[in-house]
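# Breakdown of the fold
So you can see what is in the structure, the chains are spelled out below.
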Amino acid sequence: MGGGRRSADTLGEPLMALRVGSGLTEAQTKALIAQGADEVVVVDDPALAVYMTEPYAKAMTAAIEARKPGIVFTGATTIGRDLAPRVSARVKTGLTADCTGLEIEEETRNLLMTRPAFGGNIMATIVCPEHRPQMSTVRPGVMRKLERDEKRAGKVSRLEVKFVAGDRNVEILEVVVEKAAKKNIEEANVLVSGGRGLGTEENFKKLNTVAAELGGLVSASRAVVDAGWAAQDRQVGQTGKTVRPDVYFACGISGMIQHIAGMEDSEFIVAINKNSGAPIFEYADLGIVTDVNKLVPALVEELRTVKAAG
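Below is a short write-up of the structure. (Residues numbered from 1 in each chain as written. Predicted model: local features only at pLDDT ≥ 70, side-chain atom pairs only at ≥ 80, totals over all residues. Heavy atoms only, no water.)

### Overview of the overall build of the protein
Per the secondary structure count, the protein includes 9 helices and 14 strands. In terms of overall dimensions, the protein has a C-alpha envelope of 65 × 50 × 40 Å along the principal axes. Evaluated residue by residue, the protein yields a buried proportion of 44% over its 310 residues. A separation of at least 24 residues holds for 60% of the contacts in the protein among residues at least 6 apart in sequence. When the accessible area of the protein is evaluated, it comes to approximately 16,800 Å², of which 52% is carbon and sulfur surface. The protein carries 38 positive and 40 negative side-chain charges, and their two centres are separated by 2 Å. (Helix = DSSP H or I, 4+ residues; strand = E, 2+ residues; numbered from the N terminus. Buried < 20%, exposed > 50% of the residue type's maximum accessible area, 1.4 Å probe, protein only. Contact = heavy atoms within 4.5 Å. Areas by Shrake-Rupley, 256 points an atom, 1.4 Å probe, with all protein chains shown as cover. Lys, Arg positive; Asp, Glu negative; His and termini not counted. Charge placed at Lys NZ, Arg CZ, Asp CG, Glu CD.)

### A word on helix H3 (residues 53-67)
Given a rise of 1.5 Å per residue, 15 residues ought to cover 21 Å, and the 21 Å separating the end C-alpha atoms of H3 matches this to within 8%. On its buried side, H3 packs onto strand E1 (16-21), strand E2 (39-44), strand E3 (71-75), helix H4 (78-90) and strand E8 (134-138). (Expected span 1.5 Å × (residues − 1).)

### Comments concerning the packing of H3 against H4
Interhelical geometry of H3 versus H4 gives an angle of 50° and a closest axis separation of 9 Å. By the angle between their directions, the pair H3 and H4 is classed as oblique. For the element pair H3 and H4, the recorded crossing hand is right-handed. Where H3 approaches H4, its residues Thr-53, Glu-54, Tyr-56, Ala-57, Lys-58, Met-60, Thr-61 and Ile-64 are matched on the opposing element by Asp-82, Leu-83, Arg-86, Val-87 and Arg-90. Split by residue class, the contact of H3 with H4 holds 6 nonpolar, 2 polar and 5 charged. (Axes fitted to C-alpha atoms, helices over the stretch in contact; angles between N-to-C directions. Parallel < 35°, antiparallel > 145°, perpendicular 65-115°, else oblique. Left-handed = near helix turned anticlockwise from the far one by under 90°. Nonpolar A, V, L, I, M, F, W, Y, C, P; charged D, E, K, R; others polar.)

### Some details on the pairing of E8
Burial within E8 is extensive, with 5 of its 5 residues counted as buried. Of the two faces of E8, the one holding Gln-134, Ser-136 and Val-138 and the one holding Met-135 and Thr-137 are both buried throughout. Where strand E4 (residues 95-99) meets E8, 3 bridges bridge the pair, whose relative direction is parallel. Within the sheet, the bridge partner assigned to Thr-96 lies in E8 and is Ser-136. (Pairing = 2+ DSSP bridges.)

### Details of the nonpolar core
Core analysis: the biggest nonpolar cluster contains 20 residues, and Val-192, Phe-204, Leu-207 and Cys-251 have the highest contact counts within it. Secondary-structure elements contributing two or more residues to this core are strand E10 (190-194), helix H6 (207-214), strand E11 (217-220), helix H7 (222-226), strand E12 (247-251), strand E13 (268-272) and helix H9 (292-309). Discounting chain neighbours no more than four positions away, the residues touching Cys-251 are Val-192, Ser-193, Gly-194, Gly-195, Leu-198, Leu-207, Ile-272 and Val-292. (Core = buried A, V, L, I, M, F, W, Y, C linked by side-chain atoms within 4.5 Å.)

### A look at the pattern of salt bridges
A side chain with one charge may pair with a side chain of the opposite charge, provided their charged atoms come close. By the definition in use, this model includes 20 salt bridges. A salt bridge links Lys-241 to Glu-186; the nearest nitrogen and oxygen atoms lie 3.4 Å apart. Placement of the pair is Lys-241 in the loop between H7 and E12 and Glu-186 in the loop between strand E9 (155-158) and E10, with a sequence separation of 55 residues. Glu-186 gets classed as partly exposed once you look at its relative accessible area, which sits at 28%. Between Glu-213 and Arg-304 there is a salt bridge, with the nearest N and O atoms lying 3.0 Å from each other. Separated by 91 residues along the polypeptide, Glu-213 in helix H6 and Arg-304 in helix H9 bring together distant segments of the chain. Looking at Glu-213, the relative accessible area reads 17%, which means it is buried. Overlapping salt bridges, with partners in common, bring together Arg-5, Asp-9, Asp-38 and Arg-152 in one network. (Salt bridge = Lys/Arg side-chain N within 4 Å of Asp/Glu carboxyl O.)

Purely geometric numbers; function is a separate question.
What follows is the structure, encoded as structure tokens:
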């Protein structure tokens, strides 16, 4: 919604939100207007009670054909990655997947869709000049969430889509909801991120103590994930996740552009690296030139001292 609002304002076009499901509440629908939408298009049908590719693709395709938007954004979530390519094929347009950057080119009014390519080693900017809508799935965390404005005016319109038995080409026997054992790094206010400069997996694990003292989570650079020290869902960067914590600790991270792309919008960046010429210091609000493995235990001790005194 935040990225959509910005693009709509640049183009001087309205922002529409599509809400699809069964038994949708009016309060949740109107919340999308407070979040930036000028219009909310609602497709409410029992066939949409549980996500299935075919009914949802039919509903989204019908909405695009009815409203003819110039741009369609879908989250690069599990569902979004399943749904968007099927819809783009039906409306005969292209799709740029897993975007990390979106801008409007003023001269052409085309959407410039940027995404990692070749394993994250380069960034590709893709345009779709000859077909509409321009479609992209957008990596979670890339766009800034707008502040809710309960006074915003907007309209809600309903779109009727006729579903037939053939639309239910699979049968869902059971839905099992698994409770996440740990929070996503995109949700953390404090991230303590480790890089290759830590030297060993044992040194990387020591960051857990720092994160616990700060009430945050541990994240990692691609080099750490590739080495097997951290899970892939902890990775920050072009081929990982985009994060915006209040405080980001970069511990032993050199600051290659692939990593910077995933964390440069953090509110406050603390860089710890023994190489004073490391690129990470160009982005840091506070830079500490020292051996991170010597600083970590001292930092933990100081944090505990401050807590005890408080």
